[in-house]
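Notes for the structure review
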Amino acid sequence: MKNLLKSKWLRIEALGVGAMMVIGFVNCQQPSDSKVSSLEPISSSEADFESIFDGETLEGWEGDPVYWSVKDGAITGEITPETLLKANTFLIWQGGQPGDFELKAEFKISEAGNSGINYRSERVEDVPFALKGYQADIDGKNSYTGQNYEERKRTTLAYRGQKTKISPQPDGVEMREYVERNAWKGLSVEQEIGDRAELGAMVKAGEWNSIHIIAKGNVLQHYVNGQLMSEVHDEDPKNRMESGYLGVQVHVGPPMKVQFKDVMLKQ
């Protein structure tokens, strides 16, 4: 009888241990509180974004129809062997001149492509459909995508992976005299956001990528695929722009193609 009771007790004990192991295993499979809390809901402010491209026409935009059209539901800028450019050309939004704003879009560019999104920009009087001003750079070889390049003005204000402060143009010095090796001499790196090559690897070559531009006061941020790529604090009151035209670019160079879709603006 003692042996029988002992045997039953051992079986019960074994079952208890087994149950505890199963419960522990199941608990391990449940998402932890930290994982759940990291999944943030979409901000209600998303509702404040408005589409500025209807997906079918270029209504509300102005540009040279030789280079700009709508294909596959996307704004399409294209250079062919027969339509090589002598000057960069833009498709310019006619709905206003945003100051503080956020812009979100999807872009895709060919390997030989060179493009960008200009904002807070001015029209160039003697060149049709040309802009000068801040640009979120985009290129097919992914050497510069995400950087802040000021078209026809101070050139590079932040390379990819940099948070910079831009010091004023000195008195008695012409703007172009204060540019060296295609970068503003007053560019001061305040912080390294990340390794330039590693950040570049986050951009999907030949595929659709997201871009998000935030301009607030004198702070300009460029995000690609959710990652901050560059940030500029513009402390140059003589040259910085508080508002201006918005446009997308095709750049002088070999035949190329760039496309933009889901273009959304919040002001």
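Note: the structure precedes this text.
Residues numbered from 1 in each chain as written. Predicted model: local features only at pLDDT ≥ 70, side-chain atom pairs only at ≥ 80, totals over all residues. Heavy atoms only, no water.

1. Description of the nonpolar core
Condition: Here, nonpolar core means buried Ala, Val, Leu, Ile, Met, Phe, Trp, Tyr and Cys residues that are tied together by side-chain atoms lying within 4.5 Å of each other. Throughout, exposure labels follow a simple rule: accessible area from a 1.4 Å probe, protein chains only, divided by the maximum for the residue type, with under 20% read as buried, over 50% as exposed, and the rest as partly exposed. Contacts between residues were defined by any pair of non-hydrogen atoms, one from each residue, lying within 4.5 Å.
Formed by 45 residues in total, the largest nonpolar core has its most connected members in L103, I117, I211 and F260. Each residue touching F260, except ones within four places of it in the same chain, is listed here: F53, A74, I75, E106, F107, S115, G116, I117, I138, W208 and V248.

2. With respect to the side chain of T76
Using the following cut-off: Secondary structure is summarised from DSSP: a helix means a run of H or I of at least four residues, a strand means a run of E of at least two, and numbering begins at the N terminus for each. The term polar contact refers here to a pair of N or O atoms within 3.5 Å; inside protein, the definition further demands a hydrogen-donor-capable atom paired with an acceptor-capable atom, and it admits residues adjacent in sequence only when both atoms are side-chain atoms.
One can find T76 in strand β4 (residues 74–79). Reaching out from T76, the side chain makes a polar contact with the side chain of Q259 at a distance of 3.0 Å. With sequence-adjacent residues up to four places away left out, T76 is seen in contact with Y67, W68, S69, V70, K71, K257, V258 and Q259.

3. Observations regarding unusual backbone geometry
Backbone geometry places R152, a non-glycine residue, at a positive phi of 60°. At N225, a position not held by glycine, the phi torsion is positive, near 50°. Take N225: it is sitting in the loop between β16 (219–224) and β17 (227–234). Residue N225 is classed as partly exposed on the basis of its relative accessible area, which comes to 25%.

4. Examining the pairing of β16
Here is the key point about a regular strand: its side chains alternate between the two faces of the sheet. Going by this rule: Being paired, for any two strands, means DSSP has found at least two bridges between them.
Two strands pair when backbone bridges link them, and strand β15 (residues 209–216) and β16 are joined in this way by six bridges, in the antiparallel orientation. Paired with I213 across the bridge in β16 is H222. Where β15 folds back onto β16 in an antiparallel hairpin, the turn is made up of two residues, including G217, whose phi is positive at roughly 60°. Bridging between β16 and β17 involves six bridges; their strand directions are antiparallel. From the neighbouring strand, H222 faces β17, where its bridge partner is S230. With antiparallel pairing between neighbouring strands as the criterion, β16 and β17 make up a hairpin whose turn holds two residues, including N225 at a positive phi of roughly 50°.

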